[in-house]
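Coordinates in review
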Amino acid sequence: MSIHIDPLEKRWISVIGGILIITWAVIVYYAAVDDVSPPSNVEVIDSSKLHLASGVGGGEFMEKNLGVKQDAQGNITVTMVAARYGFYPLHVDVPVNTPIKFRMASFDVLHGVLAPFSNLNVMIVPGYVSEITTNFTKEGDFPLICHEYCGQGHAYMYGMIHIVPKDQFKPKMGVK
Ligand SMILES: [Cu+2]
């Protein structure tokens, strides 16, 4: 005895099956070719104590510790706070064709950040540090856009990233 399936229903089963396969193939393709994948860093922080040296992380996200730093080995880290309605610091300079690590935390509610022409696209969830390493291949000025609705000023929430030639790059701390 076989189950009767209406031909129209069979057709829709294959359409939906096809959509699932295409979606899966697109995810795998971009993960393999463009290195687009969900950020895997899980690191907790107390968002209400970001401004204190005694907070989790020892004041990493205090105002004076924000900005672009370069360690003795030459590794570049951008430390930023997202808060209604902006990114702090508002402008950052980074060199082109160099791996750059972003560490970002929210001061208040859920935010997101997206930099065009890169794989920098991450949610900034209160209570967690969002960490992502990227490499900008084009020089120029690009906006950092908040892409998680965070309140009435969301549409005005953006920062700027200046991608400069390697020999013009200077690390700069502080939010001014
Ligand atoms: Cu927003």
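Each value, and the rule that gives it
Residues numbered from 1 in each chain as written. Predicted model: local features only at pLDDT ≥ 70, side-chain atom pairs only at ≥ 80, totals over all residues. Heavy atoms only, no water. Donors = N, O, S within 2.8 Å, 3.2 Å for Na, K, Ca; no water. Domains from an automatic or database assignment. Helix = DSSP H or I, 4+ residues; strand = E, 2+ residues; numbered from the N terminus. Expected span 1.5 Å × (residues − 1).

Focus on the coordination of the copper ion
- Looking at the metal site, the copper ion is ligated by Cys-146 (SG), Glu-148 (O), Cys-150 (SG) and His-154 (ND1), spaced 2.0 to 2.7 Å from it.
- Of note, the copper ion draws all its donor residues from one chain, in the sequence arrangement C-x1-E-x1-C-x3-H.

Brief notes about the domain arrangement of the protein
- Once the domains are mapped, the protein shows domain 1 (1-37) and domain 2 (43-168).
- Put simply, the middle of domain 1 and the middle of domain 2, counted by C-alpha atoms, are 37 Å apart.

Thoughts on unusual backbone geometry
- For the peptide bond that leads from Arg-84 to Tyr-85, omega is -5 degrees, which places it in the cis range.
- Tracing the backbone through its elements, the reader meets Tyr-85 in the loop between strand 2 (76-83) and strand 3 (86-88).
- Following Tyr-88, the chain continues to Pro-89 via a peptide bond in cis, the omega torsion being 0 degrees.
- By secondary structure assignment, the location of Pro-89 is in the loop between strand 3 and strand 4 (91-95).

Here's the deal with helix 1 (residues 7-33)
- Taking 1.5 Å as the rise per residue, helix 1 with 27 residues should run 39 Å; its terminal C-alpha atoms sit 39 Å apart, in good agreement.
- One or two residues past the end of helix 1 sits Asp-35, with phi positive at roughly 60 degrees.

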